[in-house]
Structure formats: C-alpha cells, structure tokens
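# Commentary on secondary and tertiary structure
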Amino acid sequence: MPDDIPIPTDTPYRWGEWQTGSIMQYKLHVNGRDHTVDVDDDTPLLWVLRDEIELKGTKFGCGAGLCGACTVHIDGAPVRSCTTPISNIGSAAVTTIEGIGDTPIGARLQKAWLDVDVVQCGYCQGGQIMSAAALLTRNHAPSDDDIDSAMNGNICRCGTYARIRQAIKQAARTDLGSAATKKRT
Amino acid sequence: MLRERQLSNSSNRSAKMQMLAASAPLRASRRNFLKAGVAAGGGLLLSCALPGLAKAAAMGPTEGTSAVLNAFVRIAPDNVVTIMAKNPEIGQGVKTMLPMLIAEELDVDWAQVRTEQALLNPTLYGRQHAGGSTSTPQNWDPLRRIGAAGRQMLVTAAARRWNVPESECETASGQVRHTPTGRTVSYGTLASDAATLPVPDLKKVRLKDPKDYKIIGHSIPGVDSSKVVRGEPLFGIDTVAPGMLYAVFQKCPVFGGKVVGANLDAIKSLPGVHHAFVVEGTTNLNGLMPGVAIVADSWWRADKARRRLDVKWDEGATGQQSSAGFERQAAELGAKAPAQVLRNDGDVAAALKSAAHMIEAAYSYPFIAHGALEPMNCTAKVQDGRAEIWAPTQNPEPGRALVAKTLGIDEKDIVVHMTRVGGGFGRRLANDYMVEAAWIAKVAGVPVKLVWNRADDIQHDIYRPGGWHFLKGGLDGNGRLVAWQQHFVSFSRNGKFAPSADLSADTFPAGRVANLSYGASLIPLGVPTGPLRAPGDNALAFVFQSFIDEMAHEAGKDPLQFQIDLLGRDEMLPGKGAGFNTARARGVLEKVREVSGWGQRKLPSRTGQGVAVYYSHLGYFAEIVEAAVAENGAVKINQVWAVGDIGSQIINPTAAVNMTQGAILDGFAEALHQQITIENGRVVQANFDTFPLLRMSQAAPIEVHFLKTDNSPTGLGEPPLPAAIPALCNAIFAATGKRIRTLPIDTAVLKA
Ligand code: FES
Ligand code: FES
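Counting of residues starts from 1 at the beginning of each chain's written sequence and follows it residue by residue. Chains carry letters from A onward and ligands carry numbers from 1 onward, assigned in written order. Under the rules for a predicted model, residues below a pLDDT of 70 receive no local features and side-chain atom pairs below 80 are neither given nor counted, while totals for whole chains, interfaces and linings still include all residues. As a rule here, side-chain values cover all heavy atoms of the structure and leave hydrogens and water aside.

What follows deals with the sheet that holds strand β29 (residues 635–645) of chain B. Whenever strands of a sheet pair, they do so through backbone hydrogen bonds, lying parallel or antiparallel. Residue and element names in this part refer to chain B. At least two bridges found by DSSP between two strands is the condition for calling them paired. For the purposes of this entry, the term helix denotes a DSSP run of H or I that reaches at least four residues, the term strand denotes a run of E that reaches at least two, and both are numbered from the N terminus. Within the open sheet, the 4 strands sit side by side as β27-β28-β29-β32. Their pairing is mixed. This sheet does not close on itself; its edge strands, each paired only once, are β27 (607–616) and β32 (702–706). Averaged over neighbouring strand pairs, the angle between their axes works out to 15° when direction is ignored. When strand β28 (residues 619–629) meets β29, the two strands line up antiparallel, connected through 10 bridges. Lines fitted to C-alpha atoms define the axes, with helix axes restricted to the stretch in contact, and inter-axis angles between N-to-C directions lie between 0 and 180 degrees.

The following block contains the structure:
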C-alpha cells in the first residue's frame with residue numbers, strides 16, 4: 001500500500017490473547033434486539049452476524065481490516081467486524097446496515113444513495129453507508145478531505161467513489177436543511 | 001401516446017434502425033420464436049426461444065411446463081408487468097437495462113414493471129452471460145421485438161373486444177385507447193385475451209421511433225439498489241440452502257500441484273469439522289484442481305481448521321517458474337528475432353534505416369488479479385444424481401457443463417440460480433468455484449456453501465498475463481510515422497498463445513504505417529490466465545498508445561493532432577467486430593479535444609495532460625488525463641475527460657456514466673498499483689495490502705460525454721478502460737519528461 005493513502009484504523013477493538021478458540025455463550029445486542037449465540041470465542045463478529053443471526057448485509061471482503069465491507073457500528077463507532085472477536089463486544093450495542101435506516105442519518109444516507117444512483121455491484125455499499133453514517137454523526141458538513149479520510153478504509157472495486165462523495169454531501173445538506181427548518185419553527 | 005398510424009409513418013426510420021441493428025457485428029439471431037400463453041393466475045405470458053440452441057432445446061421437460069418461471073414477460077390482471085432479466089447482474093446494470101428494452105416497446109410505464117432474475121435456461125433466453133460487453137449488442141434488437149410483439153397482441157385483443165379496427169387504437173402507459181371514442185382498457189384486463197392470440201412474426205413487428213422513447217435513454221436507477229442499501233441478501237455469498245454446511249478448499253499454492261497426503265484425521269477431530277477429504281481433481285486450470293476440502297458447521301471453524309492443515313504436495317513443473325525467470329527469458333527472447341511473424345508490411349528494416357528519426361523502446365506489464373470484492377463462492381446441493389447450484393457467475397452455461405462433466409451428472413438435472421454478483425471483471429467467466437462446491441457437496445453428502453478467503457482469491461485467480469514488447473519506430477523528415485517494428489514476448493499454453501495473451505495482427509496502427517511488422521515469441525506458462533475487463537486491450541492500449549505518443553513528441557507535433565493524422569482518411573480497417581472505424585476514433589478524439597480545452601490552458605509546472613484513444617469491444621473512447629507529479633514522484637490525477645462512441649443510443653444514461661467512471665478508475669488502479677508476482681510457481685501477494693485497489697482519496701473527477709453516432713448500440717463494461725492507462729502515462733510524460741514503459745508505475749523514477 002502506498003504510504004500516501006491513510007487507511008483509518010479507528011477500530012477500537014483488537015485481537016486479544018485471551019481467546020481460547022472454544023465455544024461460549026454470548027448475549028448480543030444488535031439493531032435494538034437481543035440475541036443469544038453459542039460460538040467459539042475467537043469468532044469474528046462478522047461471521048456471527050452473517051451466519052448465526054442471519055444478517056447478511058455485513059459483507060466479507062478481506063478478513064483483515066483492509067476493505068471496509070464488514071463495517072458495523074459498536075456503540076456508534078465504526079468498526080471492522082472481520083477483525084473484531086465476539087468476546088470483545090460485551091454489552092455494547094451493535095448496529096448493522098440492516099438497522100442503520102432506523103436512525104435519521106442512516107435513512108438520509110440510504111435515500112441519497114438511491115437518489116444519486118450510487119450502486120454498481122453493490123457489494124461494498126453496506127460498509128460504505130456505515131462509514132458514512134459514522135462520519136456524518138460526528139461531522140455534519142464534511143469537506144472533501146474529511147470524506148477522504150473517513151472513507152479511505154472502504155474499497156469500492158467498481159469505482160463508484162464520485163457518487164459516494166456526492167451522496168454523502170447530499171445527505172449532509174438535507175441534514176443542515178432540516179436543522180435550519182427546526183430552528184425557524 | 002404511441003399510435004398505430006404514427007408507427008406506420010415512422011416505419012422508414014424503424015426500418016433504418018433495424019438495418020443498423022442488423023449490421024451490428026455481434027448481432028443476435030434474426031429469427032426468434034415467441035410463444036404466448038396464459039399465466040398462472042390469469043394474464044399474458046410471453047416467452048421466447050432464440051434459435052440455434054437445438055441441443056439445449058432437447059434438454060427436456062422443464063421447458064414449456066414451468067411456464068411462469070420461463071416467461072420473458074408476464075402481465076398480471078392488476079396491470080403489473082413482470083419482466084425477466086436474462087443475464088447475470090455483476091454491477092453492469094443489465095438487470096435494469098435489459099428489461100428496459102422490453103418495457104419500452106411494450107409501451108408500459110417503468111413504475112408498472114417488476115424485474116426478476118431468470119434461471120439459467122438458454123433455450124428460452126438465448127445466451128445468458130455477462131462478458132465482453134455483449135449484453136447490449138446481443139439483446140438490443142431481440143428484446144425490443146419481444147416487447148413490440150406483446151404490445152401488438154394487446155392492441156389486437158382490445159380491437160376485437162371493441163370491434164374496431166386496430167388502426168384506431170393507440171397505446172401508452174400500459175393501456176390501449178380507442179382514439180375516436182376515448183375508451184381505454186388496461187393491459188392487465190386484456191392480458192388473458194391477448195394470450196390466446198397468435199404471436200406476430202418478430203421480424204415484422206414495428207418498433208418505436210427513438211424520439212418516442214420514454215424509458216430507453218432515460219436514467220433508471222438500478223432495480224435492486226433499494227435492497228442493496230438496506231443490506232438485504234442478494235449476493236451468492238448470502239445464499240442459505242436448508243441444512244447446509246460451510247466449506248473451504250485448500251489448493252496447492254503452486255498451480256497444477258497435486259496432493260500426496262494430508263493430516264485429515266487431525267483435521268476431522270477439530271471442533272465443528274464434519275468432513276475433511278482430498279479432492280483428486282483434474283488438470284483443467286479453470287476447473288476442479290486438486291486440493292483438500294474441509295466442511296464444518298460454520299465458515300469460521302472451517303477456515304480455522306485449515307490453519308492446522310498439513311498437506312504434502314507434489315508441486316510439479318510449475319514450481320520452477322517465477323516472475324524473475326520470465327523477465328530473464330523475455331530479455332533473451334527480445335534480443336532475438338521473433339519466433340513467429342504475425343504481420344509484415346513493406347520493408348521495416350530498410351524503412352528504419354532510412355528514417356529521419358528512430359526510437360527504440362521496451363515496454364512491459366505484470367500479471368494482475370481481478371480482486372472482485374465478493375470472494376469466489378458457490379452454494380451447491382447434489383443429491384440422487386441431481387444438482388441445484390446458487391452461483392455468482394458471469395457465465396452459468398459453461399459452468400453447468402463443467403459441473404455435469406466433472407461430476408457425471410446430466411446437464412438437464414442441474415438447476416443453476418444466478419445470484420447477484422459482487423463484481424465480475426472477467427474473473428467469474430471461469431467457474432472453478434462452482435465445480436468445487438458441487439464436488440464437495442457431492443462427497444460430503446450435504447448441501448455446502450463454499451467461500452474462498454481473500455488469499456484463495458488472489459492466489460488462485462485466472463490472471464491477466466504479463467507481457468513484454470520490444471519496439472522500434474521511424475519517422476520521415478516530415479514527422480510522419482513510416483516504420484513500426486514490434487516484437488511481443490508473451491506466454492503460451494499447450495504451444496499456443498495463453499488465454500488473453502495474444503496480439504491480433506490487425507491491431508492499430510496496422511494498415512496506417514507502410515512498413516510495419518508484428519512478431520511474437522512465447523514462454524511456456526503453468527499459471528492460469530484469462531480475461532480481465534477489456535482483455536488484451538487493457539495491456540496493449542498502454543503499449544501502443546504510449547509509443548504513438550512517444551513518436552508524436554519525437555516528431556515535435558501535438559500528440560492529439562498526431563493521433564488524428566495517423567488515423568488518416570475515414571475508413572473501416574480490419575479489426576474486431578465489423579472492423580476499426582477510423583472516423584469514429586477521430587470523432588471521439590475531436591470531441592475530447594473540444595470538451596477538455598486541450599492545449600489551451602497554461603498548466604503549473606510538473607502538471608501535464610495526456611491523451612489516448614482506443615477501440616475495445618465495439619466501443620470507441622478517447623480520454624484526456626491531467627496529472628500532477630509531486631517532487632517525491634507521487635502522482636495525483638487532477639481531472640479526466642472521457643468521450644465515448646457506443647452507437648446511436650445510451651440506453652440508461654445514469655448507469656452509463658457510472659460504468660464509464662468505474663472502468664477508468666479501474667485502469668488507473670492497474671497502472672498505479674497492481675501487480676502479481678510469481679515465485680517458485682506460486683503467487684506472492686495475498687490481500688489488499690499487497691494487491692491494492694483504488695481508494696476514495698485517489699478517485700479523480702471524471703467528466704463523461706457520449707458522442708451519438710448512427711451505429712447500433714453496444715456495451716460499456718470494457719470500452720472506457722484501455723485508454724485510461726496510456727492517457728495517464730502520457731500525462732506523466734508531459735508533466736515530467738519521464739516516459740513510463742513499465743507497469744505498475746514506479747513513482748521513484750518520477751522524483752524531481
Ligand atoms: S472484510 Fe473486514 S475490512 Fe475487509
Ligand atoms: S459497487 Fe461494487 S464494490 Fe462498490
């Protein structure tokens with residue numbers, strides 16, 4: 001990887017030494033619902049979401065924190081679920097692409113994504129929207145540089161970057177618009 | 001409103017469009033057989049058999065009986081029109097675009113339309129693949145005719161119902177209207193009547209005048225996009241088959257290696273592992289290769305068990321091959337005369353000798369992988385001599401044949417579901433993952449979902465082959481190109497050019513340089529190669545268009561004007577499809593000069609513009625790249641202008657622009673970053689850290705224009721890519737005076 005491209009390493013969770021690889025029971029809080037799963041304690045959250053809870057929107061791309069297809073939120077922070085073992089989640093709230101539309105920012109982003117017609121193959125887009133939602137949550141009017149640094153960990157192999165940028169800006173504008181409306185009323 | 005009379009009035013134009021379509025080089029069969037029937041639950045069902053598929057037609061009883069599944073068009077009593085999308089959706093937008101063609105001529109509103117992915121059934125649907133930018137040229141004419149035939153039957157049904165002449169009826173928005181009285185009736189109401197009528201001759205149905213289009217030429221968002229942005233399951237990797245287990249498959253890291261033995265008992269004792277077995281495999285590099293399968297109750301456990309796998313391999317002859325070795329052989333071969341002559345016009349040696357200026361250059365490019373974001377995967381169920389397969393494939397028909405042959409199952413006993421595909425780029429024209437899943441499911445005796453990890457994907461790709469070109473070019477005293485000598489050192493498989501490693505003798509500037517020779521020497525190769533988006537062209541454009549740019553600079557001429565001059569008079573030169581149309585190439589060059597303001601702005605230092613033009617997969621693109629090169633050699637692409645000529649109609653403009661931008665960025669990723677290195681017969685790179693894809697911060701703005709010309713519409717997956725690479729390299733030369741002759745671009749040589 002050329003060193004001029006920073007890849008966000010905002011994943012607060014790291015592989016620990018304490019996973020044993022043996023089966024454990026976990027309670028998970030995903031998109032506002034509770035789930036109980038029995039899995040090996042080193043199982044990445046990605047595979048728990050996809051194959052235990054049957055939420056297929058979180059995608060496997062690289063398994064190494066390099067592509068962002070598996071991005072979810074843990075207590076609101078964007079995290080690569082492929083490198084986050086289930087044993088590290090604890091009681092944190094997990095939000096996936098299936099749940100992000102329940103937040104105002106998520107819903108605006110999904111609408112902007114459709115208005116701008118971003119999607120090509122679509123495989124990366126769930127992860128893109130999750131990273132974009134985390135960005136807009138902390139920055140209501142991101143600059144191009146802000147977008148670059150927040151989104152550089154999310155690969156789009158089809159190259160829809162121009163439209164992703166445009167959709168983020170559109171969602172940000174509607175956000176400012178609704179804030180202004182609120183102020184007036 | 002589309003009137004019958006208007007249609008007659010415009011039939012001249014329609015006839016012209018049909019002629020245009022008929023002249024399309026990759027035209028589909030002229031004769032189509034349309035069948036009508038009553039859909040289950042009432043309504044009209046139109047299905048169509050494209051001829052020339054007698055073998056498939058003999059396949060058996062499913063066709064015709066499961067009529068609802070096999071229909072192209074279904075009109076329900078509530079006026080909902082369901083249109084089957086026949087080809088795999090890989091992000092190129094065909095699940096939207098192909099139904100648009102039918103809906104337009106059927107004369108319904110897009111809001112009434114639902115699209116459904118068809119099953120693999122070439123008897124009904126004709127060729128069902130996604131490759132070579134062929135979906136548009138192969139379907140543009142036949143699918144519009146299917147829509148038009150349906151419309152004509154509905155008009156007939158309405159006219160009979162009202163007992164009026166058909167000429168007094170018009171259609172719009174899924175309704176037939178009796179013009180004199182203003183009565184209307186919906187297609188849904190008429191559908192059951194229409195279904196009993198004889199089907200019109202597809203050759204004679206009248207097509208709309210393009211100026212009346214309400215769907216074609218209008219931007220229609222992707223039909224599955226709302227599901228994509230909500231994360232609904234659509235892709236092959238999302239498949240769930242009842243009772244399935246998860247599989248991984250470890251192949252020999254050296255291509256073609258065989259299994260001698262493995263610690264299967266230890267693997268079988270690991271948690272969650274149900275099966276571990278050796279697959280003997282075949283010698284087909286695109287088929288079932290030898291390896292060890294592990295089947296477990298979760299993918300994670302299967303992949304984890306693989307880390308304990310200890311396999312003794314017989315690596316075979318390919319273990320001796322390496323990129324460094326190829327490099328040495330290429331240099332040796334390049335210094336000799338070519339082993340085979342591909343073309344020899346005039347007297348190149350004499351012309352080079354007498355040339356006023358002569359340039360010699362050696363170009364090369366590496367192997368590269370596809371890196372589709374959805375790793376290869378497939379779900380299969382094999383039971384009682386039958387198979388059901390869910391595959392993200394670009395090419396389901398040969399996949400089914402491969403499974404049939406390898407497993408000894410009759411093709412008619414194999415059902416193939418085409419899932420949405422998370423990126424194809426040519427990788428999924430091969431079906432190795434499909435036959436692996438089927439084989440593992442058969443041996444394990446349970447349905448399995450096979451998922452490759454990223455290392456499997458990058459280390460077992462079907463690679464774009466590397467290549468070396470040794471060139472000499474000569475100019476006369478007026479700066480005209482008079483001599484071109486090219487020795488291509490490439491690879492062979494079974495004594496012939498390896499797949500996607502060849503050079504056509506017609507490649508431009510052949511036919512435009514009086515003294516020109518193309519020759520080749522081949523290095524035997526054990527590494528699998530095959531098509532990557534714009535196969536051949538993605539590498540050759542870099543070589544040809546860079547060297548032409550070198551000659552232009554040597555001649556002291558404007559590179560864009562030099563290209564136009566080289567194209568010469570308007571003419572069809574021999575080439576792929578109907579040939580290479582110099583007028584269309586000139587057209588896109590002139591247009592890109594205009595929209596970019598080429599040569600009219602003063603650029604900052606170490607900033608330059610480069611131009612390239614290429615004919616690929618029936619489409620013409622000219623592109624200008626403006627790039628700035630920093631003191632440390634880092635390349636920043638400021639802006640791109642692209643002009644394409646893909647015929648008379650851009651069917652879905654929003655998708656066309658998206659696809660063009662993506663293809664150009666794809667070219668930049670190849671040029672800037674990508675290379676696969678072979679050491680000891682195996683691939684060194686394993687993930688996106690060592691095989692980088694382009695990221696957001698590198699995505700330059702790309703302005704896209706289409707030049708509409710009086711040619712039948714063609715596809716867009718590949719044509720925009722090839723020119724992007726030389727346009728970038730030519731821009732770097734303009735910025736720095738350094739000529740890029742090796743890919744990927746080494747920024748170290750660009751330091752100030
Ligand atoms: S799959 Fe997690 S970052 Fe790629
Ligand atoms: S849309 Fe295909 S990877 Fe982004």
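Moving on, we get to helix α4 (residues 125–138) of chain A. Residue and element names in this part refer to chain A. Counted at 1.5 Å a residue, the expected span for α4 with its 14 residues is 20 Å, and the 20 Å between its end C-alpha atoms agrees. Each residue is placed in one exposure class: buried if its accessible area under a 1.4 Å probe, protein chains only, is under 20% of its type's maximum, exposed if it is over 50%, and partly exposed if it falls in between. Among the 14 residues in α4, 12 count as buried, and that is most of the element. Those residues of α4 lying buried are Gln 125, Gly 126, Gly 127, Gln 128, Ile 129, Met 130, Ser 131, Ala 132, Ala 133, Ala 134, Leu 135 and Leu 136. In this scheme, a helix's expected span is set at 1.5 Å multiplied by one less than its residue total.

Residues and elements named next belong to chain A. Per the annotation, domain bounds derive from an automatic or database assignment of domains. Segmenting chain A into domains produces domain 1 (22–99) and domain 2 (101–184). The C-alpha centroid of domain 2 is placed 22 Å from the C-alpha centroid of domain 1. In this assembly, 16 residues from domain 1 lie in contact with 15 residues from domain 2. Carbon and sulfur atoms supply 56% of the area that domain 1 and domain 2 bury against each other, a total of about 1200 Å² over both sides. A simple way to read buried area is as the amount of 1.4 Å-probe accessible surface that goes missing from two parts once joined, with both sides added. Three residues, His 73, Ile 97 and Gly 99, lead the burial of domain 1 against domain 2; their summed loss comes to 36% of the area buried on that side. The rule for a salt bridge is simple: a side-chain nitrogen of Lys or Arg has to be within 4 Å of a carboxyl oxygen of Asp or Glu. Taken together, domain 1 and domain 2 are joined by 0 salt bridges. Polar contacts, as used here, are pairs of N or O atoms within 3.5 Å; protein pairs need one atom able to donate a hydrogen and one able to accept it. Residues neighboring in sequence count only if both atoms are side-chain atoms. Scanning the region where domain 1 abuts domain 2 turns up 7 residue pairs in polar contact (both at pLDDT 80 or more). In terms of residues, the side of domain 1 that touches domain 2 owes the most to one element, strand β3 (residues 71–74), which gives 3 residues. Contact definition: two residues touch when any of their heavy atoms are within 4.5 Å.

What follows covers the environment of Met 153 of chain B. Residues and elements named next belong to chain B. On the secondary structure map, Met 153 appears in helix α8 (residues 135–162). Judged by relative accessible area, which is 1%, Met 153 ranks as buried. Considering only alpha carbons, one finds Met 153 and Ala 195, 42 residues apart in sequence, at a separation of 7.9 Å.

Okay, the layout of surface pockets next. Residues and elements named next belong to chain B. Computed from the structure, the second largest pocket encloses a volume of approximately 610 Å³. A pocket here means an open set of points on a 1 Å grid, computed over the protein atoms alone, that has protein on both sides within 12 Å along at least five of seven lines. A cavity is instead a set of points where a 1.4 Å probe fits but cannot get out; residues with an atom within 4 Å of a point line either one. Lining the second largest pocket are 39 residues, with Gln 92, Ser 133, Met 659, Leu 716 and Gly 717 positioned closest to its centre. Residue assignment for the lining of the second largest pocket shows that the elements contributing at least two residues are α6 (94–106), α8 and α21 (653–672). By residue number, the principal contributor to the lining of the second largest pocket is α21, which donates 3 residues. Gly is placed with the polar residues, together with every amino acid not listed as nonpolar (Ala, Val, Leu, Ile, Met, Phe, Trp, Tyr, Cys and Pro) or charged (Asp, Glu, Lys and Arg). Looking at the lining of the second largest pocket, its residues break down into 18 nonpolar, 19 polar and 2 charged. Grid points are joined across faces, edges and corners, and a volume is the space filled by probe spheres set on the points.

Turning to the sheet that holds strand β12 (residues 273–279) of chain B, a few remarks are in order. Residues and elements named next belong to chain B. The strand order β12-β13-β10-β20-β17-β18-β19 describes an open sheet built from 7 strands, whose pairing is mixed. Because the sheet does not close on itself, it has two edges, and the strands there are β12 and β19 (414–418). Taking each pair of neighbouring strands and ignoring which way they run, the sheet shows an average axis angle of 20°. On the sheet, helix α12 (residues 299–306) packs against β10 (245–251), β12, β13 (291–296) and β20 (448–451) and is oriented at approximately 25° with respect to β10.

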